[in-house]
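# A closer look at the structure
Spelled out from the first residue to the last, the chains are:
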2 protein chains.
Amino acid sequence: MSRSPRVEIEYCTQCRWLLRAAWMAQELLTTFVDDLAEVALIPGTGGIFEVRLDDQLLFSRKEMGRFPEAKEVKQLIRDKIDPQRSLGHSDR
Amino acid sequence: MSRSPRVEIEYCTQCRWLLRAAWMAQELLTTFVDDLAEVALIPGTGGIFEVRLDDQLLFSRKEMGRFPEAKEVKQLIRDKIDPQRSLGHSDR
């Protein structure tokens, strides 16, 4: 049973992106320690690296042609779950 | 929307166990690269460190009085999802 707000990070196992995905998960859980119900790491294939919030796509490596920075993912999540909140240096 | 088999690792944020939880998640996703649909990291409180498989409790720090070893969590998961499988050095 999953909880909300839930972040999903789907990463390509063939590309060996687990470490990137796990790093991003830790960044998000550190910043949103009281605001996220869970972060799920989801093994995928075919060059996928996607970040979703409650099934809504926040970032897709395929669409953007690059990996997301932690800062921009944090801003995207903040904008959805707590728009008034300042992220400190991640807002600059 | 969560998927199955799903592993949940709920950890106490006050105790700063995120790093342990994230390490365990990576161990499991590395060993069961084609067999787990997701591993969810769930922030908790009050000294919790629990590992669950599809909502079934596999390991509780409170019950056992210690942290789980990666090896024993892998054995517990293997026994549920693929009992015939050898885990190599994690079975010795």
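For the structure given in this document, a descriptive report is provided here. Keep in mind that this is a model prediction, so the values were computed, not measured.

### Some details on the overall build of chain A
- Tallying secondary structure elements over chain A gives three helices and four strands in all.
- In chain A, the succession of helices and strands from N to C terminus is β-α-β-β-β-α-α.
- On C-alpha atoms alone, chain A measures out to a radius of gyration of 13 Å, which is about the 12 Å that the 2.2 N^0.38 rule sets for 92 residues.
- Along the first, second and third principal axes, the C-alpha set of chain A runs to 40 × 35 × 20 Å.
- Within chain A, the proportion of its 92 residues that are buried is 51%.
- Here the contacts in chain A between residues at least 6 apart in sequence split such that 64% fall between residues at least 24 apart.
- When the accessible surface of chain A is summed, it comes to about 4600 Å², and 46% of that surface belongs to carbon and sulfur atoms.
- For chain A, the distance from the average position of its 14 positive side-chain charges to the average position of its 15 negative side-chain charges is 5 Å.

### Brief notes about helix H3 (residues 70–81) of chain B
Residues and elements named next belong to chain B.
- A rise of 1.5 Å per residue sets the reference length of H3, with its twelve residues, at 16 Å; its end C-alpha atoms lie 16 Å apart and thus fit the reference within 8%.
- Turning to H3, its buried residues number three or more, namely Ala 70, Glu 72, Val 73, Lys 74, Ile 77 and Arg 78.
- The inward-facing, buried residues of H3 abut strand E1 (6–12), helix H1 (18–31), strand E3 (49–53) and strand E4 (56–60).

### Quick word on the relation of the copies chain B and chain A
- Expressed as a screw operation, the relation of chain B to chain A combines 0.0 Å of axial shift with a rotation of 180°, fitting to an RMSD of 0.0 Å. On the angle and the small slide along the axis, the relation comes out as a two-fold axis. Proximity to the rotation axis, assessed at the C-alpha, singles out Ala 40 of chain B in chain B; its C-alpha lies 2.0 Å from the axis.

### Points about the environment of Gly 47 of chain A
Residues and elements named next belong to chain A.
- Examined against the element boundaries, Gly 47 turns out to sit in the loop between strand E2 (38–44) and strand E3 (49–53).
- Remark: the alpha-carbon pair of Gly 47 and Arg 78, spanning 31 residues in sequence, is separated by 26 Å.
- Contacts of Gly 47, omitting those with residues within four sequence positions, involve Cys 12, Cys 15, Trp 17, Arg 61 and Lys 62.

### Examining the pattern of salt bridges
Residues and elements named next belong to chain B.
- Per the counting criterion, the structure on display carries 26 salt bridges over all chains.
- Arg 52 is the partner of Glu 10 in a salt bridge, and the nearest nitrogen-oxygen pair spans 2.9 Å. Residue Glu 10 is found in strand E1, and its partner Arg 52 is found in strand E3; the two are separated by 42 residues along the sequence.
- The class of Glu 10 is buried, set by a relative accessible area of 14%.

### Regarding the nonpolar core
- Core analysis: the biggest nonpolar cluster contains 52 residues, and Ile 9 of chain A together with Ile 9 of chain B have the highest contact counts within it.
- When sequence neighbours within four positions are dropped, the list of residues in contact with Ile 9 of chain B reads Ala 21, Met 24, Ala 25, Leu 28, Val 39, Ala 40, Leu 41, Ile 42, Phe 49 and Glu 50 of chain B.

### Overview of unusual backbone geometry
- Following Ser 4 of chain A, the chain continues into Pro 5 of chain A via a peptide bond in cis, with omega recorded as 0°.
- For Pro 5 of chain A, the location among the structural elements is in the segment before strand E1 (6–12).
- Unusually for a residue other than glycine, Asp 55 of chain A sits at a positive phi of about 70°.
- Despite not being glycine, Arg 16 of chain B shows a phi value in the positive range, around 60°.

About the criteria used
Residues numbered from 1 in each chain as written. Chains lettered and ligands numbered in written order. Predicted model: local features only at pLDDT ≥ 70, side-chain atom pairs only at ≥ 80, totals over all residues. Heavy atoms only, no water. Helix = DSSP H or I, 4+ residues; strand = E, 2+ residues; numbered from the N terminus. Rg over C-alpha atoms; globule rule 2.2 N^0.38 Å. Buried < 20%, exposed > 50% of the residue type's maximum accessible area, 1.4 Å probe, protein only. Contact = heavy atoms within 4.5 Å. Areas by Shrake-Rupley, 256 points an atom, 1.4 Å probe, with all protein chains shown as cover. Lys, Arg positive; Asp, Glu negative; His and termini not counted. Charge placed at Lys NZ, Arg CZ, Asp CG, Glu CD. Expected span 1.5 Å × (residues − 1). Least-squares fit on C-alpha atoms with pLDDT ≥ 70 in both. Salt bridge = Lys/Arg side-chain N within 4 Å of Asp/Glu carboxyl O. Core = buried A, V, L, I, M, F, W, Y, C linked by side-chain atoms within 4.5 Å.

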